[in-house]
Amino acid sequence: MIKVPLTVRGAELLKEELQRLKSVERPSVIEAIAEARSHGDLSENAEYDAAKERQAFVEGRIAELEGKLSNAVIINPAELDADGRVVFGATVDLMDLETEENVTYQIVGDDEADIKVCKVSVNSPISRALIGKEAGDVAEVVAPGGIREYEVLDVKYI
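In this text the structure is predicted, and so the values were computed from the model without any measurement. Throughout, a residue's number is its position along its own chain's written sequence, starting from 1. Totals for whole chains, interfaces and linings use every residue, but because this is a predicted model, local features are given only for residues with pLDDT of at least 70 and side-chain atom pairs only at 80 or more, for both listing and counting. Side-chain calculation: all heavy atoms of the structure are included, whereas hydrogens and water are not.

Novice: Any chance you could break down the pairing of strand β7 (residues 146-156) for me, citing the residues and the numbers?
Specialist: Two strands are counted as paired when DSSP detects at least two bridges linking them. For the purposes of this entry, the term helix denotes a DSSP run of H or I that reaches at least four residues, the term strand denotes a run of E that reaches at least two, and both are numbered from the N terminus. Looking at chain direction, strand β3 (residues 91-96) and β7 are connected through 6 bridges and run antiparallel. Paired with Val92 across the two strands is Val155, which belongs to β7. Strand direction decides the pairing type here: strand β6 (residues 138-143) and β7, joined by 6 bridges, are antiparallel. The residue bridging Val138 from the neighbouring strand is Glu151, located in β7. The antiparallel hairpin formed by β6 and β7 contains 2 residues in its connecting segment.

Pasting the structure below:
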């Protein structure tokens, strides 16, 4: 089994989605299928086909989430003792050495990654370049536009 790294918050979000799928979406789909069946001939019933497709999606997502959660390694960044090094779950303040812009990223699992809220996947090029670095180090990131250099300003475990 492949272990899935998750932060505490990431695990909570997956559990919330799983709960919603089981308690809201699944019953809703069952009701839609029953309603569509009541309309008679299933061979030409678009509502029935759509409800069955939705059911397949919901059940597939439930199975996926249950699998991820059962294989999850939940990491609480606040409990890490990484001696100031960048590790999974760390929040890193960086300065782009070319533009001198400061950015902050948290390194999270694939399911939690969302660049809009500055959460980058542990498997992303920037995360791979940062892992093991500490404040004062420079990380070279191979990006589509070429190599970018970032100075690590601070590493926090929150």
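Now that the structure has been shown, we can carry on.
Novice: Any chance you could break down the sheet that holds β7 for me, citing the residues and the numbers?
Specialist: The strand order across the open sheet formed by 5 strands is β5-β4-β3-β7-β6, and the pairing between neighbours is mixed. The sheet is open, and its two borders are formed by β5 (119-121) and β6, each paired with just one other strand. Between one strand and the next, the sheet's axes are offset by a mean angle of 45°, whatever the strand orientation. Each axis is a line fitted through C-alpha atoms, and for a helix only the stretch in contact is used; angles between axes span 0 to 180 degrees, taken between their N-to-C directions.

Novice: Explain the UniProt feature "domain: Transcription elongation factor GreA/GreB N-terminal" (unreviewed entry) in the protein residue by residue, including any values.
Specialist: The residues that UniProt annotates with the feature "domain: Transcription elongation factor GreA/GreB N-terminal" (unreviewed entry) are residues 4-74. When the span residues 4-74 is considered, its composition is 77% helix and 10% strand, and the gap between its end C-alpha atoms is 8 Å. UniProt positions are given in the numbering used here, feature names are shortened, and annotations may be inferred rather than shown by experiment.

Novice: Any chance you could break down helix α2 (residues 46-70) for me, citing the residues and the numbers?
Specialist: Look at α2: 36 Å from first C-alpha to last across 25 residues, which is about the 36 Å you get at 1.5 Å a residue. The classification of residues rests on relative accessible area computed with a 1.4 Å probe and restricted to protein chains. Under 20% of the type maximum is buried, over 50% is exposed, and intermediate values are partly exposed. Of all the residues in α2, the buried ones are Tyr48, Ala51, Val58, Arg61, Ile62, Leu65 and Lys68. If you follow the buried residues of α2, they end up packed against β1 (4-7), α1 (8-37) and β2 (72-75). Taking the backbone nitrogen of Glu47 as reference, a side-chain oxygen 3.1 Å away marks Asn45 as the first, capping residue of α2. To estimate the expected span of a helix, subtract one from its residue number and multiply by 1.5 Å. Contacts: residue pairs with any heavy atoms within 4.5 Å of one another. The term polar contact refers here to a pair of N or O atoms within 3.5 Å; inside protein, the definition further demands a hydrogen-donor-capable atom paired with an acceptor-capable atom, and it admits residues adjacent in sequence only when both atoms are side-chain atoms.

Novice: So, the side chain of Glu112: which residues are in play, and what are the values?
Specialist: Looking at the element boundaries, Glu112 is found in the loop between β4 (102-108) and β5. Setting aside its immediate chain neighbours within four residues, Glu112 contacts Pro5, Leu6, Thr7, Gly10, Phe88 and Lys119.

Novice: Break down α1 for me, with residues and values.
Specialist: Since there are 3.6 residues in each turn of an α-helix, residues three or four apart along the chain are aligned in direction. End to end, α1 covers 42 Å across 30 residues, agreeing with the expected 44 Å (1.5 Å per residue, within 8%). Bend, in this description, refers to the angle at a residue between axes fitted to the seven residues ending there and the seven starting there. Along its length, α1 shows its largest kink, about 40°, at Leu21. The complete set of buried residues in α1 reads Gly10, Ala11, Leu14, Leu18, Leu21, Glu25, Val29, Ile33 and Ala36. Buried residues in α1 make contact with β1, α2 and β2.

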